[in-house]
Amino acid sequence: MAQYLTENVQKITTNTLQKMRNANEPIAMLTAYDYSTAILLDMAKIDVVLVGDSAANVMAGYKTTLPITLDEMIYHASSVVRAVNRALVVVDLPFGTYQGNSKQALASAIRIMKESGADAIKLEGGAEVIESIDRILSAGIPVMGHLGLTPQSINKFGTYAVRATSEEEAAVLMENAKLLEEHGCFSLVLEKIPATLAAKVTGSLHIPTIGIGAGMATSGQVLVFHDMMGITQQFSPRYLRRYLNLSEEIVGAIEHYIDDVKNHNFPNESEQY
Ligand code: KIV
């Protein structure tokens, strides 16, 4: 059994993230949608595992995050929760399960918490979803906000370009960030906004901000696992640092296996009974 499974691990909570922010210790967050990946993230001591609705793109091949369902998110989340001992597990509420109806929002959040065992939920938006946030928080469910580029609104904006570049949009984002903090969100994702604005927002809040394409001043960073490992290839925004080029390695290994099979090199005598 891996040592980390037997160690007395100190579980990361929303309080831990607040303490890290207060101590200026950067928070590292990555996505996972399955058991085997989540085990690796926890072994490496990631702080937060996000079961993002980017699963719609990465796992299911949809063009947007809109089609993924609550049942599918719960399936991904429960697979991740079974793997994780240490990290905080945050799960995205999918499109259509919380906007415009706070009772439905609470029911969706409760299903995620009850059926997956996750630690918190994340949802996109500011003032327009504040009633839903209030109701979810009133049930004792921690909420992570998400402002800036909010992929569930892609049909409204029509582009994945950098957000809040105008003074007006930046001011609205700042207001929303303060609102989310006032109402009790424990943290806030800032996606694809100017670094100067992310720095201003981070400096104006007491809760930790987690950036993706938001520069270096946020309290933490998040990337999609499949992007930073180079498993996905078509997606290359400026903010993405690839730590491996796994797609090349995996395709190479598959070609090697095919070659071995075709040439009677696999299995050999020691690989049979
Ligand atoms: O769904 C997701 O992966 C996300 C991150 C990009 C923040 O929301």
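Just above sits the structure.
Residues numbered from 1 in each chain as written. Predicted model: local features only at pLDDT ≥ 70, side-chain atom pairs only at ≥ 80, totals over all residues. Heavy atoms only, no water.

1. Focus: the sheet that holds strand β8 (residues 220-223)
In step 1: With parallel pairing, the 8 strands of this closed barrel are ordered in space as β1-β2-β3-β4-β5-β6-β7-β8. Here the strands of the sheet are splayed against their neighbours by 25° on average, with no regard to which way each runs.
In step 2: Relative to strand β7 (residues 209-212), strand β6 (residues 187-191) runs parallel, the two being bridged by 4 bridges. By the bridge assignment, L190 is partnered in β7 with G211. (Pairing = 2+ DSSP bridges. Helix = DSSP H or I, 4+ residues; strand = E, 2+ residues; numbered from the N terminus. Axes fitted to C-alpha atoms, helices over the stretch in contact; angles between N-to-C directions.)

2. Details of the packing of helix α7 (residues 130-138) against helix α9 (residues 167-183)
In step 1: Their axes nearest at 10 Å, the elements α7 and α9 cross at an angle of 20°. Our classification of the angle between α7 and α9 gives roughly parallel. The element α7 and its partner α9 pack so that their crossing is right-handed. Mapping the contact onto sequence places I130, I133, D134 and L137 in α7 and L179, L180 and H183 in α9.
In step 2: Taken together, the residues of the contact of α7 with α9 break down into 5 nonpolar, 1 polar and 1 charged. (Parallel < 35°, antiparallel > 145°, perpendicular 65-115°, else oblique. Left-handed = near helix turned anticlockwise from the far one by under 90°. Contact = heavy atoms within 4.5 Å. Nonpolar A, V, L, I, M, F, W, Y, C, P; charged D, E, K, R; others polar.)

3. Concerning the side chain of H76
In step 1: The topology assignment puts H76 in helix α5 (residues 70-81).
In step 2: On the basis of relative accessible area, H76 is assigned to the buried category, the value being 11%.
In step 3: Residues within four places of H76 in sequence aside, it is in contact with Y33, V51, A55, M59 and I68. (Buried < 20%, exposed > 50% of the residue type's maximum accessible area, 1.4 Å probe, protein only.)

4. Considering the site of the ligand
In step 1: The local shell around the ligand consists of T31, L50, G52, D53, S54, D92, K122, H146, V189, I212 and V224.
In step 2: The separation between an oxygen atom of the ligand and a polar side-chain atom of D53 is 3.0 Å.
In step 3: D92 is positioned such that a nitrogen or oxygen atom in its side chain is 3.1 Å from an oxygen atom of the ligand.
In step 4: Contact with the protein chains hides 94% of the accessible area of the ligand, taken as 260 Å² for the molecule alone.
In step 5: A per-class count over the shell around the ligand returns 4 nonpolar, 4 polar and 3 charged. (Near = heavy atom within 4 Å. Polar contact = N/O pair within 3.5 Å; in protein donor to acceptor, adjacent residues only side chain to side chain. Areas by Shrake-Rupley, 256 points an atom, 1.4 Å probe, with all protein chains shown as cover.)

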